[in-house]
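Architecture and fold: a report
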Amino acid sequence: MSLADTNYLMDITTRPDLIFKKGEGSWLEDQHGKRYLDMLQGWAVNCLGHNPQPIIEALTTQSHLLINPSPAFYNQPMIDLAKRLCSASCFDQVFFANSGAEANEGAIKLARKWGQKHRQGAYKIISFEHAFHGRTLATMSLSGKAGWDKLFAPQVDGFPKAKYNDIDSVKALIDEQTVAVMLEPVQGEGGVIPASREFMQQLRQLTEERGILLIVDEVQTGMGRCGSLFAYQLAEIEPDIMTLGKGIGGGVPLSALLAKTSVSVFDHGDQGGTYNGNPLMTAVGVAVFDTLMADGFMDGVRERAQQLSEGLLKLSDKWGFKGERGEGLLRSLVLDGEYAPAIVEQARNRSPEGLLLNAPRPNLLRFMPALNISKEDLDFCLVCLDELIAQVRGA
Ligand SMILES: *Cc1c(COP(=O)(O)O)cnc(C)c1O
């Protein structure tokens, strides 16, 4: 295996000189046979770890039956998955897409459509500073990432930004043109910042009073990641629209837009897409869903989440850091300086086994392991972290 031919790929990000060859559960193996404990899992995507049996079986079985009859026809897995998602949530109807950004584009379109039908053409969607909703033009405009307002200007219009966990900043932005408020229940890319339960409840009450929609982007937080099947359930509220991505496919391209009946207002021709609801991916979605819902699975997620939370807190206390935060198995450790990228690098270079981590901010380490990571692997991660902190930060 050679790195020379990487020049054929557009140079869109800094990548280490590694070519990953295979994966199993929480572990990845590179071109030299070195193994890495993976706390990224394709960016919170592989909820069942690498190459899990239920996905292998779903892909094998479905690929022998039917791969794509076209979105103009029904297929059984798309119906089965839609029914499962609706029966496990407060939503009534589903549209399947291929990526989180595409599901969010659908949410924007659906809210605007509802505004045209029910709110005299109101179209603005209030989103939040530091929010991340994807990389299409509209979802970049909806995002609140610093600098993104200038990148690829002009932006798509109609996405005023409020302050996260600050209900007054939302109130101040609502006008006749406002059709919805949209947020991540935990800001993932923004640095693993949970919305407080109180804030989620205030948002639900405010949007109801003003007759506008509440949309949750659960692309990162949904499908068990936060210790309940969906993160909105932790706040005991019911949003009007939800998007799912990442974990819903366990590693394959699949996403979903869900809505309550009263908001599910697309007319024929408004929404579509060549691959929407294709049976190969939705069959995987069914296999992932059934695994998450199996007896004891979510209990295991909550146990590992507690282990990770306590372990990180212990490290924080030992090293005098600023604590840990998150929900379920989406967590972060807040360091006392801007050396998180150095730890990420050192962790990857560690031998004999490497450790794959992420630093969404220079003082922050993020953890998004497989939901079925073993107790032993999680302990190994925590022991490695302690070593790495000692090396990089020094005693
Ligand atoms: C990753 C992510 C997206 C974008 O998903 P893609 O599949 O990369 O398009 C959108 N919203 C949130 C909250 C995400 O974490």
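Everything numeric here is computed off the predicted structure, so don't read it as measured data.

**As for the UniProt feature "binding site: N(2)-acetyl-L-ornithine" (unreviewed entry) in the protein**
If you check UniProt for "binding site: N(2)-acetyl-L-ornithine" (unreviewed entry), the listed places come out as Arg135 in our numbering. Those residues within four positions of Arg135 in sequence are excluded, and the remaining contacts are Ala101, Met140 and Trp148.

**Looking at the site of the ligand**
Taken together, Ser99, Gly100, Ala101, Asn104, Phe132, His133, Gly134, Glu184, Asp217, Val219, Gln220 and Lys246 are the residues near the ligand. At a separation of 2.7 Å, an oxygen atom of the ligand approaches a polar side-chain atom of Gln220. For the ligand, whose accessible area on its own is 390 Å², the fraction buried by protein is 82%. Counting residues per element, the shell around the ligand draws most heavily on helix α4 (residues 100-118), at 3 residues.

**A closer look at a nonpolar patch on the surface**
Taken together, the side chains of Leu137, Leu151 and Phe152 make up a nonpolar region of the molecular surface, amounting to roughly 310 Å² of accessible area. Looking at the element boundaries, Leu137 is found in helix α5 (residues 137-142).

**So, the UniProt feature "modified residue: N6-(pyridoxal phosphate)lysine" (unreviewed entry) in the protein**
Summarizing the sequence annotation, UniProt attributes the feature "modified residue: N6-(pyridoxal phosphate)lysine" (unreviewed entry) to Lys246 in the numbering used throughout. Note that Lys246 resides in the loop between β11 (241-244) and β12 (255-259).

**Topic: the packing of helix α9 (residues 297-319) against helix α11 (residues 375-393)**
At their nearest, the axes of α9 and α11 sit 10 Å apart, and the two run at 20 degrees to each other. It follows from the interaxial angle that α9 and α11 lie roughly parallel. For the element pair α9 and α11, the recorded crossing hand is right-handed. From α9, Arg304, Gln307, Leu308, Gly311, Leu312, Leu315, Lys318 and Trp319 reach across to α11, where they touch Lys375, Leu378, Asp379, Leu382, Leu385, Asp386, Ile389, Ala390 and Arg393. Partitioning the contact of α9 with α11 into residue classes produces 9 nonpolar, 2 polar and 6 charged.

**Things to note about the nonpolar core**
In this structure, Leu85, Phe128, Leu183, Leu357 and Phe367 are the most contacted members of the largest nonpolar core, which totals 84 residues. Shared between two domains, this core takes at least three residues from each, and those domains are domain 1 (3-52 + 296-393) and domain 2 (53-293). Those residues in contact with Phe367 that lie beyond four places of it in its chain are Met39, Leu308, Leu312, Leu329, Leu330, Arg331, Ser332, Leu333, Leu357, Cys381 and Leu385. Counting residues in each nonpolar core, the second largest holds 22 residues, with Phe95, Ala107, Ala122 and Ala138 among its members.

**Some details on the sheet that holds strand β2 (residues 27-30)**
Strand order in the open sheet formed by 4 strands is β1-β2-β3-β15, with mixed pairing between adjacent strands. If you trace the sheet from one side to the other, it starts and ends with β1 (20-24) and β15 (354-356), each paired once. For this sheet the average axis-to-axis angle between neighbouring strands, irrespective of direction, equals 30 degrees. Where strand β3 (residues 35-38) meets β15, 3 bridges bridge the pair, whose relative direction is parallel. Of the residues in β15, the one forming a bridge with Tyr36 is Gly354. Packed onto the sheet, helix α10 (residues 340-349) meets β3 and β15 and runs at close to 140 degrees relative to β15.

**Description of the pattern of salt bridges**
Side chains that differ in sign of charge can pair as their charged atoms come close. Summed over the entire model, instances satisfying the criterion amount to 20 salt bridges. In this structure, the salt-bridge partner of Lys260 is Glu238, at a minimum N-O distance of 2.4 Å. Residue Lys260 is located in the loop between β12 and α8 (279-293), and its partner Glu238 is located in the loop between β10 (213-218) and β11; the two are separated by 22 residues in the primary sequence. As a salt-bridge pair, Asp386 and Lys318 come within 2.9 Å of each other at their nearest N and O atoms. With Asp386 in helix α11 and Lys318 in helix α9, the pair connects residues that are 68 residues apart, well separated along the chain. Given a relative accessible area of 54%, Lys318 falls into the exposed group. Each of Lys113, Lys117, Asp267 and Asp270 takes part in one network of salt bridges that share partners.

**Some words on α11**
When the terminal C-alpha atoms of α11 are compared, their 27 Å separation across 19 residues agrees well with the 27 Å that a helix rising 1.5 Å per residue should span. Inspection of α11 places Asp377, Leu378, Cys381, Leu382, Cys384, Leu385, Leu388 and Ile389 among the buried residues, and these make up the whole buried set. Seen along its axis, α11 keeps its buried residues to an arc of 170 degrees; they face one direction. Here the buried face of α11 lies against β2, β3, α9, α10, β15 and β17 (364-367). In the segment just after α11, Gly394 is the residue with positive phi, at about 80 degrees.

Cut-off values and rules
Residues numbered from 1 in each chain as written. Predicted model: local features only at pLDDT ≥ 70, side-chain atom pairs only at ≥ 80, totals over all residues. Heavy atoms only, no water. UniProt positions renumbered as here; feature names shortened; annotations may be inferred. Contact = heavy atoms within 4.5 Å. Near = heavy atom within 4 Å. Polar contact = N/O pair within 3.5 Å; in protein donor to acceptor, adjacent residues only side chain to side chain. Areas by Shrake-Rupley, 256 points an atom, 1.4 Å probe, with all protein chains shown as cover. Helix = DSSP H or I, 4+ residues; strand = E, 2+ residues; numbered from the N terminus. Patch = residues over 30% accessible without salt bridge, like charges linked within 9 Å, V, L, I, M, F, W, Y side chains within 5 Å. Salt bridge = Lys/Arg side-chain N within 4 Å of Asp/Glu carboxyl O. Axes fitted to C-alpha atoms, helices over the stretch in contact; angles between N-to-C directions. Parallel < 35°, antiparallel > 145°, perpendicular 65-115°, else oblique. Left-handed = near helix turned anticlockwise from the far one by under 90°. Nonpolar A, V, L, I, M, F, W, Y, C, P; charged D, E, K, R; others polar. Core = buried A, V, L, I, M, F, W, Y, C linked by side-chain atoms within 4.5 Å. Buried < 20%, exposed > 50% of the residue type's maximum accessible area, 1.4 Å probe, protein only. Domains from an automatic or database assignment. Pairing = 2+ DSSP bridges. Expected span 1.5 Å × (residues − 1). Arc of directions from axis to C-beta.

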